[in-house]
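# Chain and residue survey
Listed below are the residues making up each chain.
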Amino acid sequence: MTTLDGATVLVIGGAKNLGLAIATRADELGAHVVIGAREVDDARQAAAGLRDAQGVALDITDESSIASAISDIGRVDHVVSTAAAHHNVAVTDLEHDRVVTAFEAKVIGPLLLAKHLATVLPESGSFTLFSGVAAWNPSPGLSIMGITNGAVASAVTHLAAELAPIRVNAVSPGIIDSGTWDGMPEADRDALFVNASQNALAGRVGTAADVVDAVAWLWGAGYVSGETIHVEGGARHH
Ligand SMILES: NC(=O)c1ccc[n+]([C@@H]2O[C@H](COP(=O)([O-])OP(=O)(O)OC[C@H]3O[C@@H](n4cnc5c(N)ncnc54)[C@H](OP(=O)(O)O)[C@@H]3O)[C@@H](O)[C@H]2O)c1
């Protein structure tokens, strides 16, 4: 298992769900963890539950927020962004500003984050983004989620070349019982999970640990860059 003793790990979107699970694993592996969230109180509250962590305000759609958070943190070794702003509607119902925000959260924000990290991350550092299986399974009503996640897979190949030898990769989850679906009516959530289980070769939905294992592996995978790691139980191959 990768040891992160002496390393600092920034997790954007780290106050809840998959981001918090990633921050928790980094803390368990010995890192100093910085949780970035739009609301600094959320970040600080999540950090308070960890061994060695702090919370910072970081809105990935706002370059000045990115710049000031990176400057305040100072040294950072590994950065993970789970930020997402989905706009799941039929193409006939698209709203311009929500499309822009979706791209800002997943694509434009990470590009500007790369701009500010390029001179800060050490050569042994890494930058991990989040894609998602919707990119490879086109479905009416999910185009923006699919297109933004597809753009992430492309972005990491380019950013890996730009930031080399700093490694840049993406993790692409399938349907994960991460907490993000807990706000749905129970019957809808159950139906989603049954459908996702049937559409995965693994025959089940994913757990937060399935995804965190991939992120933690990437922290130590010194010869892996520009890749998208699919953690979706084989859903693209069903
Ligand atoms: N869970 C799944 O089934 C699944 C499947 C495929 C892909 N994924 C991807 O995996 C990632 C994590 O999933 P999740 O289930 O943990 O998603 P989530 O519950 O939607 O969490 C997304 C995180 O992004 C943060 N965020 C949103 N806008 C932000 C902004 N402008 N600046 C900074 N942070 C922002 C949110 O924080 P606040 O709202 O607190 O600010 C939240 O912590 C996402 O990128 C998602 O698209 C998940």
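Residues numbered from 1 in each chain as written. Predicted model: local features only at pLDDT ≥ 70, side-chain atom pairs only at ≥ 80, totals over all residues. Heavy atoms only, no water.

## Some details on the overall build of the chain
- Looking only at helices and strands, the chain has seven helices and nine strands in total.
- Relative to the compact-globule value of 18 Å for 238 residues, the chain shows a C-alpha radius of gyration of 17 Å, a close match.
- Every one of the 238 residues in the chain was classed for burial, and the buried ones make up 47%.
- Across the chain, every contact between residues at least 6 apart in sequence was considered, and the portion connecting residues at least 24 apart equals 66%.
- Working note: accessible area of the chain is about 11,000 Å², and carbon and sulfur atoms make up 52% of it. (Helix = DSSP H or I, 4+ residues; strand = E, 2+ residues; numbered from the N terminus. Rg over C-alpha atoms; globule rule 2.2 N^0.38 Å. Buried < 20%, exposed > 50% of the residue type's maximum accessible area, 1.4 Å probe, protein only. Contact = heavy atoms within 4.5 Å. Areas by Shrake-Rupley, 256 points an atom, 1.4 Å probe, with all protein chains shown as cover.)

## Let's talk about the side chain of Ser-172
- Mapped onto the fold, Ser-172 is located in strand β6 (residues 167-173).
- For Ser-172, a relative accessible area of 0% gives the class buried.
- Side-chain polar atoms of Ser-172 contact the backbone nitrogen of Val-133, separated by 3.4 Å.
- Among residues more than four places away in sequence, those in contact with Ser-172 are Ser-131, Gly-132, Val-133, Trp-136, Thr-228, Ile-229, His-230, Val-231 and Glu-232. (Polar contact = N/O pair within 3.5 Å; in protein donor to acceptor, adjacent residues only side chain to side chain.)

## Let's talk about the site of the ligand
- Not every one of the 25 residues close to the ligand is listed here, only the nearest: Asn-17, Arg-38, Lys-106, Ile-176 and Ser-178.
- Asp-59 places a side-chain nitrogen or oxygen 2.8 Å from a nitrogen atom of the ligand.
- For the ligand, an oxygen atom lies 2.9 Å from a polar atom in the side chain of Thr-180.
- Looking at the shell around the ligand, its residues break down into eleven nonpolar, ten polar and four charged. (Near = heavy atom within 4 Å. Nonpolar A, V, L, I, M, F, W, Y, C, P; charged D, E, K, R; others polar.)

## Re the packing of helix α4 (residues 96-117) against helix α5 (residues 143-163)
- Interaxial distance between α4 and α5 falls to 10 Å at its minimum, and their mutual angle equals 10°. By the angle between their directions, the pair α4 and α5 is classed as roughly parallel. Every residue of α5 that contacts α4 at Val-99, Ala-102, Phe-103, Lys-106, Val-107, Pro-110, Leu-111 and Ala-114 is listed here: Ile-144, Ile-147, Thr-148, Asn-149, Ala-151, Val-152, Leu-159 and Leu-163.
- Partitioning the contact of α4 with α5 into residue classes produces 13 nonpolar, two polar and one charged. (Axes fitted to C-alpha atoms, helices over the stretch in contact; angles between N-to-C directions. Parallel < 35°, antiparallel > 145°, perpendicular 65-115°, else oblique.)

## With respect to helix α1 (residues 17-28)
- When the terminal C-alpha atoms of α1 are compared, their 17 Å separation across twelve residues agrees well with the 16 Å that a helix rising 1.5 Å per residue should span.
- Of the residues making up α1, those classed as buried are Leu-18, Gly-19, Ile-22, Ala-23, Arg-25, Ala-26 and Asp-27.
- Buried residues in α1 make contact with β1 (8-12), β2 (32-37), β4 (78-81), β5 (126-130), β7 (176-177) and α7 (208-220).
- One or two positions beyond α1, positive phi appears at Gly-30, with a value near 105°. (Expected span 1.5 Å × (residues − 1).)

## Things to note about the pairing of strand β3 (residues 53-57)
- Here β2 runs beside β3; their pairing, made up of five bridges, is parallel. Paired with Val-34 across the strands is Gln-54, a residue of β3.
- Viewed along the sheet, the connection from β2 through helix α2 (residues 40-48) into β3 turns out right-handed. (Pairing = 2+ DSSP bridges. Right-handed = clockwise from strand over helix to strand, strands pointing away.)

## A few points about α7
- Between its first and last C-alpha, α7 extends 19 Å over 13 residues, near the 18 Å set by a 1.5 Å rise per residue.
- Taken together, the buried positions of α7 are occupied by Val-211, Val-212, Ala-214, Val-215, Ala-216, Leu-218 and Trp-219.

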